[in-house]
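# Descriptive structure summary
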Amino acid sequence: MSSDLPPPYFRRKIQRDWQQLAAACEPHRPVVFTNGCFDILHRGHVTYLERARRLGAILVVGLNSDASVRRLNKGAERPINPLEDRLEVVAALESVDFVTAFDEDTPLELIETLRPEILVKGGDWTVDTIVGAREVLARGGEVHAIPFEHQRSTTSLVSRLRESCHESP
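A short tour of the structure in this document, coming up. (Residues numbered from 1 in each chain as written. Predicted model: local features only at pLDDT ≥ 70, side-chain atom pairs only at ≥ 80, totals over all residues. Heavy atoms only, no water.)

Each helix and strand counted, the chain has 7 helices and 5 strands in total. Listing each helix as α and each strand as β along the chain from the N terminus yields α-β-α-β-α-α-β-α-β-α-β-α. In the chain, buried positions account for 41% of the 169 residues. The contacts of the chain with a sequence gap of at least 6 include a subset with a gap of at least 24, amounting to 75%. With the model as given, the accessible surface of the chain reaches about 9,500 Å², and the carbon-plus-sulfur share is 52%. (Helix = DSSP H or I, 4+ residues; strand = E, 2+ residues; numbered from the N terminus. Buried < 20%, exposed > 50% of the residue type's maximum accessible area, 1.4 Å probe, protein only. Contact = heavy atoms within 4.5 Å. Areas by Shrake-Rupley, 256 points an atom, 1.4 Å probe, with all protein chains shown as cover.)

Attention shifts here to the environment of V31. With respect to the helices and strands, V31 occurs in strand 1 (residues 31-36). Taking relative accessible area as the criterion, V31 reaches 1% and is therefore assigned buried. In the structure, V31 is positioned 88 residues away from L119 in sequence and 8.5 Å away in space, judged by C-alpha atoms. With sequence-adjacent residues up to four places away left out, V31 is seen in contact with C25, I58, V60, P116, E117 and I118.

With 4 of 5 residues buried, strand 3 (residues 98-102) lies mostly within the body of the structure. Of the pairings in the sheet, the one linking strand 2 (residues 58-64) to strand 3 comprises 5 bridges and is parallel in character. By the bridge assignment, L63 is partnered in strand 3 with A101. (Pairing = 2+ DSSP bridges.)

Moving on, we get to the sheet that holds strand 1. Read from one edge of the open sheet, 5 strands run 3-2-1-4-5, paired in parallel fashion. A strand with exactly one partner marks an edge of an open sheet, and here the two such strands are strand 3 and strand 5 (142-146). Strand-to-strand twist of the sheet, defined as the mean angle between neighbouring strand axes without regard to direction, takes the value 25 degrees. Lying on the sheet, helix 4 (residues 83-91) is in contact with strand 2 and strand 3; it crosses strand 2 at an angle near 165 degrees. (Axes fitted to C-alpha atoms, helices over the stretch in contact; angles between N-to-C directions.)

Among all positions of helix 1 (residues 18-25), only W18, L21, A22 and C25 are buried. All buried residues of helix 1 fall inside an arc of 100 degrees around its axis, so they share one side. Along helix 1, the residues that are exposed and aim more than 90 degrees away from the buried face are Q19, Q20 and A23. Between the side-chain oxygen of the N-cap and the backbone nitrogen of Q19 there are 2.9 Å, and the N-cap of helix 1 in question is D17. (Arc of directions from axis to C-beta. Polar contact = N/O pair within 3.5 Å; in protein donor to acceptor, adjacent residues only side chain to side chain.)

Right, dumping it as structure tokens:
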């Protein structure tokens, strides 16, 4: 394979500078924003992101940094995939227009920088518990908790894998 090949298209969707990301989003309103770990991408994630994307002109996904994931008490082994891998996998999804990362415990600062019109989380959240909901609603935006279409979770996948390892001879 030639090293002269340009980087994959999806890498251009990864934006580390939030100000540049906000500027790139500006002509594409309304902006939909969601966030999460997206550690082991599964059917539930892909369906959720596709449904979120349909709510606006573009979808921006904020990923918890590795340190931020560890602070969420998801388990000592989490994240399984490092941030760089998670960024590229999420960016490769057709439904995702931009992906970025945040190191804070919540994405509130990122939400305030991007000023999305639509804020989305999965069905395990209620609107009153979604970080940034108050700020988005105060600007006249919308907040959605998208019901799960497929009952999947990375935590349950990790548990099943761990159990299957213990069952093997």
